[in-house]
Amino acid sequence: FILSSLATGIGTLTLLQDLFHFNIGIDQLFIKDLTPVSQALPFKGRMAFNASLSFALVGTGLLMSAFKNRIAALISQCLFQTIIIFSAIALIGYLYGAPLFHTLFLVTTMAIHTAILFFILSVSASLFNPPIGITRLFTGEQIGNQMARRLFGLILLMVILTGAVGVHWRAHSGLFSFETVVSLLAVGFLLVRLLVIWNTARWLNNIDNRRSADEEKIKEMNAGLEKMVQQRSAEIQKSEEKYHSLIEQASDTIYVLDINGRFTDVNASMCKMTGYSREE
């Protein structure tokens, strides 16, 4: 709780410094940033705007997760998933060479290792309450959840491979024209999507085959149970017939009363002794 409060406070103070253009000296409180890159900045040693925003949000989310109620859990989950989006956008910017994605307001840049750590931290923190938000999509055990995990993993691999091709093209831009690279990316995209569709269809077909096999087993079990029930019913009927035969052939008077004292069954000897018919 103390460390989360400290992270939230530092991130919020840094945000206020950027928004209202003042300096309280916390940027170089422990380390003096003397690198040539920082000398050109108005405030040396200050973290990037999106990094300080991420610190403030993730700290607030961790603080909110300490309260054991659904509203606090929902707020913290929204904050964690916002950080996931921020860090993922920064990583995509580095992967595809787009500074706009990892440089918020074109002032300072979130470092790539910072983006990676924020992504890991926010994903891990979102597992505090997996049934809430997007995390529920990937943590459940239903067919849809399993399909989402498989598809997202393959799509993520496709994004990384596409970015790697783009980086290779920028490094050797003289070998291929822009149109050739775009065509290769389009063909690669189609091939990867075909692989994703094939993999998912094969997986779903296997599930359907297992379900059909289980249904056949259930039908066989039901048939066996029905046969056992029929045999048991025949045995009970035979036993009842034997019971009634013994009662009817007995020379003693035999009668059955219910809990209210009413006759429910009598034998022939009872009718002969009383002079009443069975119906009477």
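Residues numbered from 1 in each chain as written. Predicted model: local features only at pLDDT ≥ 70, side-chain atom pairs only at ≥ 80, totals over all residues. Heavy atoms only, no water.

1. Notes on the pattern of salt bridges
Part 1: Following the criterion strictly, the structure yields seven salt bridges and no others.
Part 2: Here R211 makes a salt bridge to D208, at a shortest N to O gap of 2.3 Å. With R211 and D208 both in helix α9 (residues 178-249) and three residues apart, the pair spans about one turn of that helix.
Part 3: Residues R278 and D265 are paired through a salt bridge, measuring 3.7 Å at the closest nitrogen-oxygen approach. Pair noted here: R278 is in the segment after α10 (268-274) and D265 is in strand β4 (residues 263-266), with a separation of 13 residues, a long-range link. (Salt bridge = Lys/Arg side-chain N within 4 Å of Asp/Glu carboxyl O. Helix = DSSP H or I, 4+ residues; strand = E, 2+ residues; numbered from the N terminus.)

2. Concerning the confidence of the model for the chain
Reading fine detail from the predicted coordinates is not recommended where pLDDT is low.
Part 1: For the chain, per-residue confidence averages 82 on the pLDDT scale, and residues scoring 70 or more make up 88% of the total.
Part 2: Across the chain, the element-wise mean pLDDT spans from 60 in strand β1 (residues 103-104) up to 92 in helix α6 (residues 112-126). (pLDDT = per-residue confidence, 0-100.)

3. Describing the layout of surface pockets
Gaps between atoms show up when a probe of the same size as a water molecule is rolled over them.
Part 1: The space that makes up the largest pocket amounts to roughly 790 Å³.
Part 2: Forming the walls of the largest pocket are 25 residues, and the residues nearest its centre are I84, A88, F119, F152 and L156.
Part 3: Going through the elements one at a time, α4 (70-96), α6, α7 (135-139) and α8 (143-171) are the ones with two or more residues in the lining of the largest pocket.
Part 4: When the residues that make up the lining of the largest pocket are grouped by side-chain class, the tally is 19 nonpolar, five polar and one charged. (1 Å grid on protein atoms, 1.4 Å probe; cavity = no way out; pocket = protein on both sides within 12 Å on 5 of 7 lines; lining within 4 Å. Points joined across faces, edges and corners; volume = space filled by probe spheres on them. Nonpolar A, V, L, I, M, F, W, Y, C, P; charged D, E, K, R; others polar.)

4. A word on the pairing of β4
Part 1: In this sheet, β4 lies alongside strand β3 (residues 255-257) in antiparallel orientation, the contact comprising three bridges. Pairing of L257 across the sheet is with F263, part of β4.
Part 2: With antiparallel pairing between neighbouring strands as the criterion, β3 and β4 make up a hairpin whose turn holds five residues, including G261 at a positive phi of roughly 85°. (Pairing = 2+ DSSP bridges.)

5. Observations regarding helix α1 (residues 2-20)
Part 1: Relative to the 27 Å expected for 19 residues at 1.5 Å per residue, α1 spans 27 Å between its end C-alpha atoms, a close match to the ideal helical length.
Part 2: Along α1, the residues that are buried comprise S4, T8, G11, T14, L15 and Q17.
Part 3: Those residues of α1 that are buried are in contact with α3 (49-64).
Part 4: Count one or two residues on from α1 and you reach H21, which has phi positive near 55°. (Expected span 1.5 Å × (residues − 1). Buried < 20%, exposed > 50% of the residue type's maximum accessible area, 1.4 Å probe, protein only. Contact = heavy atoms within 4.5 Å.)

6. Some thoughts on the packing of aromatic side chains
Part 1: In the structure shown here, the tally under the stated rule is three aromatic pairs.
Part 2: Ring centres of F55 and F118 lie 4.9 Å apart, and the angle between their planes is 75°; this geometry places the pair in the edge-to-face category. One end of the pair, F55, is in helix α3; the other, F118, is in helix α6, with 63 residues separating them in the sequence.
Part 3: For F55, a relative accessible area of 33% puts it in the partly exposed group.
Part 4: Using a relative accessible area of 5% as the deciding quantity, one classes F118 as buried. (Phe/Tyr/Trp six-rings, centres within 6.5 Å; stacked < 30°, edge-to-face > 60°.)

7. Side note on the environment of Q39
Part 1: Within the secondary structure layout, Q39 lies in helix α2 (residues 36-39).
Part 2: The partly exposed category is assigned to Q39, whose relative accessible area is 39%.
Part 3: With residues near it in sequence (within four places) discarded, Q39 still touches D33, L34 and K44.

8. Details of α6
Residues three or four positions apart in an α-helix share a direction because the helix packs 3.6 residues into each turn.
Part 1: Taking 1.5 Å per residue, 15 residues should reach 21 Å; α6 reaches 21 Å between its end C-alpha atoms and fits that length.
Part 2: Where α6 is concerned, the buried positions are A115, F118, S122, A125 and S126. An end-on view of α6 places all buried positions within 100° of arc, on one side of the element. Turned more than 90 degrees from where α6 packs its buried face, H113 and L117 sit exposed.
Part 3: Of the surrounding secondary structure, the elements contacted by the buried residues of α6 are α3, α4 and α7. (Arc of directions from axis to C-beta.)

9. Observations regarding the nonpolar core
Side chains that are nonpolar tend, in soluble globular proteins, to be buried together.
Part 1: Counting 16 residues, the largest nonpolar core has L15, A51, L57, V58, I83, M110 and F118 as its most contacted members.
Part 2: Broken down by secondary-structure element, the contributors of at least two residues to this core are α3, α4 and α6.
Part 3: Of all the elements, α3 adds the most residues to this core, at six residues.
Part 4: Those residues within four positions of L57 in sequence are excluded, and the remaining contacts are L79, T82, I83 and F86. (Core = buried A, V, L, I, M, F, W, Y, C linked by side-chain atoms within 4.5 Å.)

10. Digging into the packing of α4 against α6
Part 1: Remark: α4 packs on α6, axes separated minimally by 8 Å, with the N-to-C direction vectors making an angle of 150°. One way to sum up the angle between α4 and α6 is to call them roughly antiparallel. The handedness of the crossing between α4 and α6 comes out as left-handed. Facing α4, whose interface residues are Q77, F80, I83, I84, S87, A88, A90, L91 and Y94, α6 presents I112, A115, I116, F118, F119, S122, V123, A125 and S126. (Axes fitted to C-alpha atoms, helices over the stretch in contact; angles between N-to-C directions. Parallel < 35°, antiparallel > 145°, perpendicular 65-115°, else oblique. Left-handed = near helix turned anticlockwise from the far one by under 90°.)

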